[in-house]
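Descriptive structure summary
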Amino acid sequence: MIDQSLPVDSATLWPALVDEAYVQGIRDYVSRVIMPEADRIDREDIYPVEILKDMARQGYNTVVLEPEYGGRGLSFLHAAAVCEEVAVASAAVGVSLITIYQAQTMLRLFGVDSLKRRYLPAFAEGLITSYALTESNHGSDIRKLDTKARRDGDEWVIKGEKHFITSGSAAEFFIILAETELGVSVFAVPRDARGVSIYEGQNSATFGLRNGPHMNVVLDDVRLPADHLVGEEGKGVRQAASVLNHSRTLAGAISLGIARAAFEGALRFARDRAAFDQRVLEFQGIQWYFADMLTEIDAARLLIYRATEALDSKVQVPRWGSEAKLKASTVATSVATMAAQICGAYGIMENAPFGRYLRDAKAYEIAGGSNEILKNTIAKALLPIAGLDTRKTAAK
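This structure is a prediction, so every number in the text was calculated from the model and none was measured.

1. Focus: the nonpolar core
Ile-34, Met-55, Val-82, Leu-107, Phe-263 and Phe-290 are the most contacted members of the largest nonpolar core, which has 109 residues in total. Per-element tally for this core: the top contributor is helix H8 (residues 236-272), with 17 residues. Beyond its immediate chain neighbours, meaning those up to four positions away, Met-55 contacts Tyr-29, Ile-34, Tyr-60, Asn-61, Val-86, Val-93 and Leu-97. One finds Ile-158, Ile-165, Ala-171 and Phe-187 within the second-largest nonpolar core, a separate group that totals 18 residues.

Structure follows, in structure tokens:
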């Protein structure tokens, strides 16, 4: 008779890499608040508004935000821990958190004081935000945009349309990229500004990371105060890249959470399932599968937390962030695939979570910087190390 009441020692399997009490607090919160809603969020493709508002009250939306703006003032190591633990339950909640961190980071790094004072304290109160870069004719290449901004006295006027915007269905505030006379620039746009509207486009739904439909955002001569230009006019591409380099490490932590959930789900199944007079987990071939998966997850985990050190020290951020996301996203897809395989027919049932894990894992090999873009960034970081001038497009 198989004893199915045996515990899995998750704390030993996934030891805290930052303050243990802090991580345990997140795990308890996730188990109590997020885990019961995870399947419904994915199934109904909804933005988890109430969860994100509650997470703000707990301080999880403002982990690295300075205390003067209502934040916790902690390290990126803590932020990665939040993303990792949240994604063990729901990657959709994790990606909702990422878009909040992205808007917050843009304002923190580049906003003028008046803009920071106006919007940053709202994050601790539950402000829901979206990072709106994409256009129908411009995906990863944002050097030229169809959305335009022009100066009119003390105001900026923005006209254009953004497509396929993550978290757009619930966003109360957008970070928008628009092209001015000096080039691509960044703007802070409240959802309730006159001329802002959203609609659901034909291709709004995705099969993974389902936190509500990806919305199209219309900007119809939206007028903004002059200080809502974020950073320097014409430097928007560089600023957007900087924010993405920050968020890629946290995206990697979300992929790590997906991998952990798939691994632990398969481990429980293999432990409790009997075949040929023994537990499935007692077969050597199955044990090898788990040994390979655990090694890859641990390697990705260490790389992610190394990347958080780069964020805190501001040293080689593009390299480490891209490596972390690349490794973690590929590991998550591999682990989710193998987890379903180990579980056999149960692994491919609709009422089992493994399909969600696989869909979420694969989606994050594309969302937030595709694997190919990440490899380009890593290679670009390598060229000066090899003594090459990256400004030259070809060797003489």
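From this point, the narrative continues.
2. Some details on the packing of helix H2 (residues 20-34) against helix H5 (residues 76-89)
Where H2 contacts H5, the axes come no closer than 9 Å and their chain directions differ by 30°. On the basis of the axis angle, H2 is roughly parallel to H5. Handedness of the crossing formed by H2 with H5: right-handed. On H5, the residues that touch Tyr-22, Val-23, Ile-26, Arg-27, Val-30 and Ile-34 of H2 are His-78, Ala-81, Val-82, Glu-85, Val-86 and Ala-89. Its residues placed into classes, the contact of H2 with H5 shows 9 nonpolar, 1 polar and 2 charged.

3. Let's talk about the pairing of strand S7 (residues 215-225)
Within a regular beta strand, the side chains point alternately toward one face of the sheet and then the other, so they alternate between its two faces. Sheet analysis places strand S3 (residues 155-165) next to S7, joined by 8 bridges and oriented antiparallel. Across the sheet, Ile-165 pairs through a bridge with Met-215, a residue of S7. With 5 bridges connecting them, strand S6 (residues 196-200) and S7 associate as antiparallel partners. The residue bridging Glu-200 from the neighbouring strand is Met-215, located in S7.

4. Describing the packing of H8 against helix H9 (residues 284-313)
Their axes nearest at 10 Å, the elements H8 and H9 cross at an angle of 160°. Our classification of the angle between H8 and H9 gives roughly antiparallel. Note on packing geometry: the crossing formed by H8 with H9 is left-handed. Along its contact with H8, which presents Asn-245, His-246, Thr-249, Gly-252, Ala-253, Leu-256, Ala-259, Arg-260, Phe-263, Ala-266, Leu-267 and Ala-270, the element H9 presents Ile-286, Phe-290, Met-293, Leu-294, Ile-297, Arg-301, Ile-304, Ala-307, Thr-308 and Leu-311. Among the residues forming the contact of H8 with H9, the class breakdown is 15 nonpolar, 5 polar and 2 charged.

What counts and how
Residues numbered from 1 in each chain as written. Predicted model: local features only at pLDDT ≥ 70, side-chain atom pairs only at ≥ 80, totals over all residues. Heavy atoms only, no water. Core = buried A, V, L, I, M, F, W, Y, C linked by side-chain atoms within 4.5 Å. Buried < 20%, exposed > 50% of the residue type's maximum accessible area, 1.4 Å probe, protein only. Helix = DSSP H or I, 4+ residues; strand = E, 2+ residues; numbered from the N terminus. Contact = heavy atoms within 4.5 Å. Axes fitted to C-alpha atoms, helices over the stretch in contact; angles between N-to-C directions. Parallel < 35°, antiparallel > 145°, perpendicular 65-115°, else oblique. Left-handed = near helix turned anticlockwise from the far one by under 90°. Nonpolar A, V, L, I, M, F, W, Y, C, P; charged D, E, K, R; others polar. Pairing = 2+ DSSP bridges.

Read these as spatial facts, not as claims about activity.
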